[in-house]
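Residues per chain are reported as follows:
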Amino acid sequence: MTTRSHFLPTSWQRLALALGVAATLAGCATGARGTAGTAGANPRDPYEKFNRQMFAFNDAVDRVALKPAASAYKQVLPTFVQTGISNFFGNLSDLWSGANNLMQGKGAAGLSDLTRFSLNSTFGLAGLLDIGSEAGLPKHNEDFGQTLGAWGVASGPYLMLPLLGPSTVRDAVVIPIDIAADPWAYKQPVGWRNFGTAVRAVDQRAAVLEASNLMEEAALDRYEFIRDGFLQRRQSRITDNGEQKIRFRKETRQDDAPANGSSIMAAYPDDPGASPEASTSAPVQSDAKRIRAAYTDDPGPTDAAPAENLPPAALAVSSKPALK
Amino acid sequence: MKLIKHLIAMSAIALTAFAVAAPTPVGNEAPDVLIKRISNEVINTAKADKDIQAGNVGKVTDLVDAKILPYVDFQRMTALAAGRFWRDATPAQKTALSNEFRTLLIHTYSGALSQIKDETVDFKPMRADPADTEVEVRSQVNVQRGEPIQLNYRLAKGPSGWKIFDINVLGAWLVETYKGTFASEIGKGGIDGLIKKLAERNQQLANKPVKAGK
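Residues numbered from 1 in each chain as written. Chains lettered and ligands numbered in written order. Predicted model: local features only at pLDDT ≥ 70, side-chain atom pairs only at ≥ 80, totals over all residues.

### A few points about the overall build of chain A
- Of regular secondary structure, chain A possesses 15 helices and two strands.
- Per-residue burial over chain A gives 31% buried out of 324 residues.
- At a minimum sequence separation of 6, the contacts of chain A that also span at least 24 residues come to 61%. (Helix = DSSP H or I, 4+ residues; strand = E, 2+ residues; numbered from the N terminus. Buried ≥ 20, exposed ≤ 12 C-beta atoms within 10 Å, placed from the backbone. Contact = placed C-beta atoms within 7 Å.)

### Looking at the overall build of chain B
- Each helix and strand in chain B was counted, giving seven helices and five strands.
- Put simply, chain B runs from its N terminus to its C terminus through helices and strands in the order α-α-α-α-α-α-β-β-β-β-β-α.
- A burial count over chain B gives 39% of its 214 residues as buried.
- The long-range fraction of contacts in chain B, counting pairs at least 24 apart against all pairs at least 6 apart in sequence, stands at 58%.

### Some details on the pairing of strand S2 (residues 134-142) of chain B
Residue and element names in this part refer to chain B.
- Two strands pair when backbone bridges link them, and strand S1 (residues 120-123) and S2 are joined in this way by four bridges, in the antiparallel orientation. If you follow Val121 over to S2, its bridge partner there is Val141.
- In terms of strand pairing, S2 meets strand S3 (residues 149-158) through eight bridges, oriented antiparallel. Among the inter-strand pairings, Val141 is bridged to a residue of S3, identified as Ile149. (Pairing = 2+ DSSP bridges.)

### As for unusual backbone geometry
Residues and elements named next belong to chain A.
- Here the amide bond leading from Gln188 into Pro189 is cis, since omega sits at -5°, within 30 degrees of zero.
- Tracing the backbone through its elements, the reader meets Pro189 in the loop between helix H8 (175-180) and helix H9 (190-207).
- Even without a glycine there, the phi angle at Leu125 is positive, about 55°.
- Among the structural elements, Leu125 can be located in the loop between helix H4 (107-122) and helix H5 (131-134).
- Phi at Leu163 takes a positive value of approximately 70°, unusual for a residue other than glycine.
- Note that Leu163 resides in the loop between strand S1 (158-161) and strand S2 (165-168).
- The partly exposed category is assigned to Leu163, around which 18 C-beta atoms lie within 10 Å.

### Some remarks on the confidence of the model for chain A
All names here are of chain A.
- Scored by pLDDT, chain A comes out at a mean of 76, with 69% of its residues at no less than 70.
- A low-confidence stretch, residues 1-9 (pLDDT under 50), is modelled with five contacts involving residues beyond four sequence positions or located in other chains.
- For residues 298-324, every residue scores under 50 in pLDDT, and the model assigns this stretch 46 contacts once sequence neighbours within four places are set aside. (pLDDT = per-residue confidence, 0-100.)

See below:
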């Protein structure tokens, strides 16, 4: 057993990394030039041209290889086998999640993850059974990018990585750290390691199969849907659904602030106010008026008046879905 | 065809309105109590009904109609997703856009309802001033495999009680997620272009059966 192999991730991960770095560097140049004159460029996505190309590539790989494999995996393998595989790799990831939780200052969560790992590895038959969850220790999913985010490092622009999927510049840069912290990366022999990595990828794809089918139907433009959904989800995971305060950030962002009325409505700059009710028209509450008046882009109640003069019957009709 | 449906619906609503003697006390419910009640009712109904679990479109739609729709302000949701373009829309466009958006949401997220097996929902404490007219209710759905699914709601208080105007699943707010898409579609073909695109998508979805849960 040479010491060299301890620090080398599996060959396909290295390839993906190399591809990612090369493509990023190449793409940054073309991306910046490409979007210079694009109308409607999203400020959070300056590399949109590059990202869309990567998305098309990933989508093709997914459609041709990963999704069929995941569907077959889900259909063919018995549920307990799938659960066992998912638990096994989930257990391995609990170590790094625990370490990240501790690094973010969440002592209880970190210790809970480490306890999960020890419980599941021993009584859970090397991780095949998830006893920890049944014992009331919830599963967390933390990586180093989230730790950096919790410590105030801004996410940087959206970046779609080849094979690895959507990410941000901050998270992409620390991927090697996450890979080095993955216990499975040190599995010998290399054949088992690669096989396990492939099985893990298929299992993770199978876990989101239903959600991705749902997204296919819900999205008008899948690239944008994935981008906007991912960026929000990423931020929500860093703040743990509003529970975690971000350190060292001078400006309090919307996601971190406690959710009271005015901070909620600050997220909706073009809010026209509540829709007119089908029942008797009650006067608009003065609170809502005051809140709306705080937004520069708000046309105010006068411009919304024509809409509010729609006959009540028409609006009552809209409560019956126009299906078929 | 649609006009006749509208007329029938209008008369049905009108008759119902006359039939109801007094306003329901439900309008005075606190927002977190309201969401808890809706969640429990929807989950219990979905779990108990074998047709829903088998993916019966009609039954899922009935469930959504009865338990969820009355508490959602779709027009406001659509307006927020359309952003600054809402001001420039005619009333007819506004109604059409709201209807199409609502149909899209019902079609796609009804599918999720048929997947409900034995999930439980936990609610986080609500952080709101008693005088607030906009609040956020946070919850999570505990699933068998993996992390709990985050599910948050934003409600605004209107004359007939609290109404949902935004929903957050797995950290992504619906309005925010559709905003970009709406903006680029409107940029390409105006509001009518967006309405047309949504109508086409709804047509496609109407012809697909809802998948049954595994």
